[in-house]
Amino acid sequence: MQRLRVVATFSSYRILLNIVLVFILPVTLSCTRKTEQVGAGPQKTTQPTGAPQAAPPDDGQWTMPAKDYASWRYSSLDQINSENAKNLRLAWTFSTGVLRGHEAAPVVADNTMYVITPFPNILYALDLTKDGAPVKWKFDPDPAASSQGVACCDFVNRGVSFSQGKVFMNTLDGQTIAVDAGTGKEVWRNKLADINKGESITMAPLVVKDKVLVGNSGGEFGVRGWLTALDAASGKIVWKAWSTGPDADVLIGANFKPFYSQDQGKDLGVTSWPQGAWQYGGGTVWGWISYDPETNLIFYGTGNPGPWNPEQRPGDNKWTAGIFARDADTGQARWFYQWSPHDLHDYDGINEQLLMDMSINGQTRKVLVRPERNGYVYVLDRNTGEVLSANPFVEVNSSSGVDIKTGKLIYNPEKEPKVGQVIRRICPASPGAKDWQPSAFSPRTGLLYIPHQNLCMDSEGVEANYIAGTPYVGMNVKMYSASDDGHRGEFDAWDPVQGKKVWSIKEFFPVWSGAVVTAGDVVFYGTMDGWFKAVNARTGDTIWQYKVGSGIIGQPITYRGPDGKQYVAILAGVGGWAGAIVAGDLDARDGTGALGFVNAMTDLPQYTTKGGMLYVFALP
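Residues numbered from 1 in each chain as written. Predicted model: local features only at pLDDT ≥ 70, side-chain atom pairs only at ≥ 80, totals over all residues. Heavy atoms only, no water.

Colleague: Even after reading the chapter, I still don't get the overall build of the protein, so can you show me in this structure?
Modeller: Counting its regular elements, the protein contains 4 helices and 40 strands. C-alpha atoms of the protein, sized along the principal axes, occupy 65 × 55 × 55 Å. In the protein, which comprises 620 residues, the proportion classed as buried is 68%. Counted over contacts in the protein with a minimum sequence separation of 6, partners at least 24 positions apart contribute 66%. Carbon and sulfur atoms make up 48% of the accessible area of the protein, which totals about 18,800 Å². Charge separation in the protein, taken as the distance between the mean sites of 56 positive and 61 negative side-chain charges, equals 1 Å. (Helix = DSSP H or I, 4+ residues; strand = E, 2+ residues; numbered from the N terminus. Buried < 20%, exposed > 50% of the residue type's maximum accessible area, 1.4 Å probe, protein only. Contact = heavy atoms within 4.5 Å. Areas by Shrake-Rupley, 256 points an atom, 1.4 Å probe, with all protein chains shown as cover. Lys, Arg positive; Asp, Glu negative; His and termini not counted. Charge placed at Lys NZ, Arg CZ, Asp CG, Glu CD.)

Colleague: Looking at this structure, how should I read the pairing of strand β30 (residues 455-461)?
Modeller: As a general feature of sheets, a regular strand has side chains that alternate between the two faces. Extensive coverage of β30 is indicated by the burial of 6 of its 7 residues. In the sheet, strand β27 (residues 422-426) pairs with β30 via 3 bridges, with the strands oriented antiparallel. Among the inter-strand pairings, I426 is bridged to a residue of β30, identified as M457. In the sheet, β30 pairs with strand β31 (residues 475-481) via 7 bridges, with the strands oriented antiparallel. When the sheet's bridge partners are listed, G461 is paired in β31 with M475. (Pairing = 2+ DSSP bridges.)

Colleague: In this structure, what is going on with the sheet that holds strand β35 (residues 522-526)? I would like to understand it.
Modeller: Either a parallel or an antiparallel arrangement is found when strands of a sheet pair, and the pairing is made through backbone hydrogen bonds. Strands sit in the order β3-β34-β35-β36-β37 across an open sheet of 5 strands; the sheet is mixed. Pairing within the sheet leaves two strands with one partner each, and these edge strands are β3 (74-75) and β37 (542-547). Of the strand pairs in this sheet, β35 and strand β36 (residues 531-536) are connected by 5 bridges, and their pairing is antiparallel. Within β36, the position partnered with F524 by the bridge is A534.

Colleague: Honestly, the sheet that holds strand β18 (residues 297-301) in this entry has me stumped. Any pointers?
Modeller: Taken in spatial order, the 4 strands of this open sheet run β17-β18-β19-β20, and their pairing is antiparallel. Of all the strands in the sheet, just β17 (289-292) and β20 (333-338) have a single pairing partner and so form its edges. Here the average twist between neighbouring strands, direction ignored, is 15°. Direction of pairing for strand β19 (residues 322-327) relative to β20: antiparallel, over a ladder of 5 bridges. Paired with I323 across the bridge in β20 is Y337. (Axes fitted to C-alpha atoms, helices over the stretch in contact; angles between N-to-C directions.)

Colleague: Looking at this structure, how should I read unusual backbone geometry?
Modeller: Residues other than glycine predominantly adopt negative phi, and peptide bonds predominantly adopt the trans conformation. In this chain, F119 is followed by P120 through a cis amide linkage whose omega measures 20°. As for its placement among the helices and strands, P120 is situated in the loop between β6 (112-116) and β7 (123-127). In this model, N121 sits at a positive phi of 60°, which is unusual for a non-glycine residue. As for its placement among the helices and strands, N121 is situated in the loop between β6 and β7. Unusually for a residue other than glycine, D348 sits at a positive phi of about 55°. Considering the arrangement of structural elements, one finds D348 in the loop between β20 and β21 (354-360).

Colleague: So what exactly am I meant to see when it comes to the pattern of salt bridges here?
Modeller: Charged atoms that come close allow side chains of opposite charge to pair. Taken as a whole and assessed by the stated rule, the structure comprises 34 salt bridges. Counted as one network, the salt bridges with shared partners bring together D292, E294, D357, K366 and R382. (Salt bridge = Lys/Arg side-chain N within 4 Å of Asp/Glu carboxyl O.)

Colleague: I would appreciate a short explanation of the side chain of D327 in the present structure.
Modeller: Within the secondary structure layout, D327 lies in strand β19. Using a relative accessible area of 10% as the deciding quantity, one classes D327 as buried. Side-chain polar atoms of D327 contact the backbone nitrogen of D329, separated by 2.8 Å. In terms of polar contacts, D327 uses its side chain to reach the side chain of R334, at 3.4 Å. (Polar contact = N/O pair within 3.5 Å; in protein donor to acceptor, adjacent residues only side chain to side chain.)

Okay, here's the thing in C-alpha cells:
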C-alpha cells in the first residue's frame, strides 16, 4: 500500500472521490531553513562499516533506486565535493509530460538513463552519450485507467531496476514488466494485482540474483499484503509470501526463528486477528527491500493493518507493521519483528533498512539500521531480529519508548484513538516521523541522513465497513506542525552508534524527497517548495541550492557520465500524500482532505505548482 489516509465521516463514495482527487503536483519558492548543531560528531573508532557484498565497489552507475543492496544511497564519486559544489550548473533537462507526483529515482546503466513517470507509467531511455540526452526509446505499458481510482496516495511510481540487460518496472494497475534495455521492446509481463479489490503497485522492483521482487499497495482498501518473487527470465511466479493468514501462506516453516516470544507460535497471522479479519487486514509491501548476499536474506517491511480504527481489530494483527527476513531463493521466513503491534496510528513499517556492520559493546554486530514511522531509529541484529537500540529522532508522545528486553513498543494509552472521541496532539502523525522517503548513509562520516516530517495530529475513530475495492479506513485525522514556529519538515544527520542527532536543518514543509550522499562529503535532497539543495555532510551548512519548476518528492542520484564527469539528477513534480492539495486541486478549507494532510499543507499552493521535469547538474 502507500501512504495516504482516508477520512471516514463521509460516505465511502465521497471518500473514494477524495482519494482520487487527492494527488497531482509541482513548482516554486523558498523555505525556512536553520542548521542546528545538536551533538558531537561520530566517534571514528566505532564508526559503522559496510556490509561488503551488499555494497560492492562503485562503478559510477546507478542501477537500482537504492544504489546497492545495502540501501545506503551512497556514491564513492568525489569530483563534486563540499568545496566546489557551490559551482554546480544545470547541464540538461527532460520533461516527462506528466503532472503527478514524481517519487522515482532515475536509473543509469551502460551510458543510458531510464526514467519512469507516475501513471501512465511511461518508461523513457535517454542516451547519455549525446548532448541533451535525447530519447533512445519510449515504452508505454498502457495501464488500466481505472487503477487511478484505487491509488491511495497519488498515482506515484518509486522507480525501476536494471539487471541482465533488462529494465524491470511496475504499473499502477498491478503489472510487472520486463523491457529490453537496448530496444525498448517488451520481454514479458505478469499481472499480479487486482484493482477490483483495491490493489495497485507503486513500489520499485528489486532484482536479487535471478528473481524480481514485487509487493502490492492498497492497505487503505483492506487488501491483503504480499511479496512475490518472479523469475527474471520468464516473469513466472517462483514464490509468494502473504503478510497475513496461516503459516503456510506466510511461508513460515521450521527455519522461522523470531527473537521475541510474542512472535513465536503457530498461525499467529490468523489468531492475532478477529475471526476472518486477516483476509482484508492490510500489511501491504509497497516500500523498500534490502539484501545481504552473505546470508542470502532479504529484509523488507509490511504496511499498516486495516482498518485504521484499532478498535475493530483487537490483537497484535500479525504480520503487519513489521519487518521480515526471508531466504531469497525460497521466500521462507527466518525471523520477524513488529515495529508497531496492533498499529494504532497508521505507522506502517515499510521504510528502508540500511545494512552495516557496527561495533556494539566491543563486539562487531551485523546490523540493519531503520528510521521508523513510529519515531525511533532502530538498530537490529540482521541475523536474529534482536533490537539493539531504539532512540527517538522526533517528538514522540504516542509511545514512551521501546523495551529493549522484550522488543515491545510501549504505547501511551492517553493517545490511543477512540470511536466518537477526538484525541488531541498525537505525535508523530499518521505519515510518521518519516514516511517512504529514503535516507542515506556515508561510511566517511558515519552519519545517517534522514529526510522527514515534523507533524502531530488530532484523530477520531469511526466505524469502517469492508467492501472490496472501496476505502476501508475508519479514522478522521487532522495534521499540523509539531512546533510553535510552524516548520513541518527537517533534514537530520544522525549518529547510529551514539543514537543521537548531530545536526538538523529545519524546513518549512515536510521533506518528502529522498537523499543521496557522496564521497565528496555532499548530501543532496529536495524540498516541497522546489529547492534542490547540496549541504555539507559534516556540518549541515548549505553549499548550493537551485530553484526548480515544481516541488521535489523524488529521489536524487549521482553518476559518472560517458565523458567522465560526475552528474547529479533529480525528478521534480510535487504530489504524493504530502502534496495532495496541489496534485489533486483540493480545497484548503477542508482540513480532513487527503486523510488529514491538507490541514498541514493549506499554504503549499502558494509556493509550488504541478510539474514533471528531470533536472541534471554538473560542474562547469
